[in-house]
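Geometric and topological summary
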Amino acid sequence: AWLVFSAYCLNPIGIQKMMAKQGVSGPRPSFLTGNLQHIATLLAKTTSSDMVEITHDIVPRLLPHYLSWSEKYGERFLFWYGNEGRLCLTDANLIKDFLSSKHAHVTGRSWLQLQGSKHLIGRGLIMANGDDWFQQRRIIAPMFMGFKIKAFMGYVVESTKSMLRSIHDVAGDGTECEVEIGAYMTKLTGDVISRAGFGSSYEKGTRIFQLLQKLQYLTAQSSRHLWFPGARFFPSKFHREIKTVKEEMKSILMETIKKRIEGLEIGRICSSDSDFLGTILRETQEDPKKKMTLELIMDECKTIYFAGHESSAMLVTWTVMLLATNPAWQHKARKEVGEIFKGESAVTADHLSKLNLLNMIINESLRLYPPVAMLPRMAFQDIKLGDSLHIPKGLSVWIPVLAIHHSKEIWGDDADEFNPERWSGKSPAQIGNFLPFAGGPRNCLGQAFAVMEAKIILSMLIAQFSFKISDKYRHAPINVLTLRPKHGVPIILTPIK
Ligand code: HEM
């Protein structure tokens, strides 16, 4: 009773007082639900129908609460996600400070975030905090070194070839065909991460991938009422299904991991040791300080699966949508791909580094449709940002990436337009307001992997097909864990002879 009283009354009152002293206010919260109901009502209104036309002005649709509250209380406001206070922060310098190494150990995932994802990815890297996070990041980071990423390029090429073959099969005699490209991209990035993650056990990897997708749907359903104290203990249909899926996944993962450990112990060397599972087992076996339980190794595998396909699939899907509706940029990109590959079928890192226009297109796609549209992180102790902003222990900082990426003050009057030219001669690292992969020491580990993958997929697709948006496309971005097209992206493809 005391814990509930502190969590739902004492702490929120303390946080609210402290922020009010600093001139930060916000909408009045309700007991238990905070401002969740208000957010849900606004979102239900803005997302109940599809957008009338294909415009990229999507902030009013996806962040109506941000627009309403920032207008009323200023850019820095406080709102309540159940009993979790969230401070909206859009100032580039303060965000940089917050995400910097100074605060990496004392900020992280809140209780609500941990509960919402515990069935899906458990306590793997994305969900770890403090020293656990630091230790896990040290073990996993070697997998994403430049030379490792180059080694994974072959997997991406193989999987993309197989996807293109299946589209050619749909096209049949060479005339145009229609496909929902989002489904193809989700399967493709799932294939890639199955190979890069599990190499030799590819088929099992594919089954894990299917189970994770099911789990993702079930956890999204079951975590809708998490703000309610004790809600996670209520028996529900979702909880029962989650248990069954988790058990199947656990037995496949356990069997795969144990087989690999046996292989390592008897010194059987195979090429697949360079995949994710091989890397993590080697790292944990060679250094006793890096020991991990089997349970945690399983969670790391799930984390890489989840982080490694979902956002990447959305990046390529949105980019195809943008190119399908901007034939001039599609043409430019195809010309560049033709000039750089000169008909060679092998893809090298050198080719990829020369794809400047494609790079600009990818950046613009990540700006307009960042797959991770919001970044909430909680402060576990009092911290000070910049010269004067005090963040009390227990308050989450909420970075509305999508709103920052669409701000006219930052990007100019054409902020809501697709204009890759704005990236000409600029690297994303120079731009503090560009946060698709977060920032600081807890940024996205798979960033280089994701960009390499997107470049290969898009250049191979562009080289083999021209495409336009289908009349069936309905523009309806929604944010369910990632920013996605609600009805997919149907396009009409014509094979290029
Ligand atoms: C376009 C594709 C991707 C985008 C936009 C993206 C974005 C992000 C963002 C914004 C975060 C920080 C989340 C937060 O702090 O709340 C993150 C973390 C992470 N991402 Fe990605 N990601 C992408 C692809 C990938 C891929 C392909 C992998 C792995 C194969 C990956 C692995 C990770 C991991 C392990 C973390 C956790 C890092 C940590 O907490 O230390 N991501 N990603």
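This structure is a prediction, so every number in the text was calculated from the model and none was measured.

Structural notes on the overall build of the protein chain
Along the backbone of the protein chain there are 19 helices and 12 strands. At 23 Å, the protein chain has a C-alpha radius of gyration in line with the 23 Å of a compact globule built from 497 residues. Overall, the protein chain is about 65 × 60 × 45 Å in size when its C-alpha atoms are taken along their principal axes. Within the protein chain, the proportion of its 497 residues that are buried is 43%. Partitioning the intrachain contacts of the protein chain with sequence separation of at least 6 by distance along the chain shows that 76% fall at a separation of at least 24.

Here's the deal with the nonpolar core
Leu87, Ile457 and Ile491 are the most contacted members of the largest nonpolar core, which has 124 residues in total. With 18 residues, helix α13 (residues 294–324) is the single largest residue contributor to this core. The residues contacting Ile457, other than those within four sequence positions of it, are Val156, Thr160, Leu188 and Val316.

A short note on the site of the ligand
Inspection of the region around the ligand gives 22 residues, with Ala307, Gly308, Ser311, Cys444 and Gly446 positioned closest. Elements with a minimum of two residues in the shell around the ligand: α13 and α19 (447–464). If one sorts the elements of the shell around the ligand by residue count, α13 sits on top with 7 residues. Counted by class, the shell around the ligand contains 15 nonpolar, 5 polar and 2 charged residues.

Notes on the sheet that holds strand β4 (residues 177–180)
One open sheet accounts for 3 strands, arranged β4-β12-β9; its pairing is antiparallel. Each of the sheet's edge strands pairs with one partner strand only, and the pair in question is β4 and β9 (465–469). On average, each strand axis in the sheet is tilted by 35 degrees relative to the strand beside it, whichever way the strands run. Lying on the sheet, α13 is in contact with β9 and β12 (490–495); it crosses β9 at an angle near 85 degrees.

Some remarks on the UniProt feature "binding site: heme" (unreviewed entry) in the protein chain
Sequence positions flagged by UniProt for "binding site: heme" (unreviewed entry) are, in local numbering, Cys444. Structurally, the position occupied by Cys444 is in the loop between α18 (408–411) and α19. Among all residues touching Cys444, those that are not within four sequence positions of it are Phe437 and Ala438.

Some thoughts on the sheet that holds strand β2 (residues 84–88)
Strands in a sheet are paired, the pairing made by backbone hydrogen bonds, and the direction either parallel or antiparallel. On the basis of which strands lie adjacent, the open sheet formed by 5 strands has the order β1-β2-β8-β5-β3 and mixed pairing. With one partner strand each, in any of the chains shown, β1 (78–81) and β3 (107–108) form the two edges of the open sheet. Where β2 and strand β8 (residues 396–399) come together, 3 bridges link them in parallel fashion. The residue bridging Arg86 from the neighbouring strand is Ser396, located in β8.

Overview of the pairing of strand β10 (residues 477–480)
Bridge count between β10 and strand β11 (residues 482–485): 4 bridges; the pairing is antiparallel. Looking at the pairing, Pro477 lines up with Pro485 of β11.

Describing the confidence of the model for the protein chain
Of the residues in the protein chain, 95% have a pLDDT of 70 or more, and the chain-wide mean is 90. Among the prediction metrics, the complex's ipTM stands at 0.99, with pTM recorded as 0.93.

Focus on the pairing of β1
Burial of the side chains of β1 extends over both faces: Leu78 and Trp80 are buried on one face and Phe79 and Tyr81 on the other. Linkage of β1 to β2, two consecutive antiparallel strands, is achieved through a turn of 2 residues, within which Gly82 is found at a positive phi near 65 degrees.

Points about the environment of Gly124
Position of Gly124 among the secondary structure elements: in the loop between α6 (111–121) and α7 (130–140). When the 23 C-beta atoms within 10 Å are taken as the criterion, Gly124 is described as buried. Distance from Gly124 to Asp287, taken between C-alpha atoms, is 19 Å for residues 163 residues apart in sequence. In this view, Gly124 contacts Asp299, Glu300, Lys302 and Thr303; residues no more than four positions away in its chain are not counted.

A look at the packing of helix α11 (residues 237–265) against α13
At a minimum axis separation of 10 Å, α11 and α13 run at an interaxial angle of 110 degrees. Taken together, the axes of α11 and α13 lie roughly perpendicular to each other. Residues Lys250, Leu253, Met254 and Ile257 of α11 pack against Leu294, Ile297, Met298 and Cys301 of α13. Class assignment for the residues of the contact of α11 with α13 results in 7 nonpolar, no polar and 1 charged.

Brief notes about unusual backbone geometry
For residues other than glycine, phi is negative in most cases, and the peptide bonds are mostly trans. In the Ramachandran plot, Ala438 falls in the positive-phi region, its phi being about 60 degrees despite a non-glycine side chain. Mapped onto the fold, Ala438 is located in the loop between α18 and α19. Residues other than glycine seldom take positive phi values, yet Leu481 does so here, at roughly 65 degrees.

Concerning the environment of Glu84
Here Glu84 lies in strand β2. Take Glu84: there are 24 C-beta atoms within 10 Å of it, and that puts it in the buried class. Separated by 311 residues in the primary sequence, Glu84 and Leu395 have C-alpha atoms spaced 7.0 Å apart. Apart from the residues within four sequence positions on either side, Glu84 is in contact with Ser110, Leu112 and Ser396.

Concerning α7
If you check which residues of α7 are buried, you get Trp133, Gln136, Ile139 and Ile140. Projected down its long axis, α7 shows its buried positions confined to an angular sector of 130 degrees, all on one face. Taken together, the buried residues of α7 touch β3, α12 (276–286) and α13.

Quick notes on the packing of α11 against α12
At a minimum axis distance of 11 Å, the contact between α11 and α12 shows a crossing angle of 55 degrees. What the angle tells us is that α11 and α12 run oblique. Once α11 is placed against α12, the crossing between them reads as right-handed. Of the residues in α12, those touching α11 at Ile257, Arg260, Ile261 and Leu264 are Leu277, Gly278, Leu281 and Gln285. Here the contact of α11 with α12 is built from residues that sort into 5 nonpolar, 2 polar and 1 charged.

So, how was this worked out
- Residues numbered from 1 in each chain as written.
- Predicted model: local features only at pLDDT ≥ 70, side-chain atom pairs only at ≥ 80, totals over all residues.
- Helix = DSSP H or I, 4+ residues; strand = E, 2+ residues; numbered from the N terminus.
- Rg over C-alpha atoms; globule rule 2.2 N^0.38 Å.
- Buried ≥ 20, exposed ≤ 12 C-beta atoms within 10 Å, placed from the backbone.
- Contact = placed C-beta atoms within 7 Å.
- Core = buried A, V, L, I, M, F, W, Y, C linked by C-beta atoms within 7 Å.
- Near = placed C-beta within 6 Å.
- Nonpolar A, V, L, I, M, F, W, Y, C, P; charged D, E, K, R; others polar.
- Pairing = 2+ DSSP bridges.
- Axes fitted to C-alpha atoms, helices over the stretch in contact; angles between N-to-C directions.
- UniProt positions renumbered as here; feature names shortened; annotations may be inferred.
- pLDDT = per-residue confidence, 0-100.
- Parallel < 35°, antiparallel > 145°, perpendicular 65-115°, else oblique.
- Arc of directions from axis to C-beta.
- Left-handed = near helix turned anticlockwise from the far one by under 90°.

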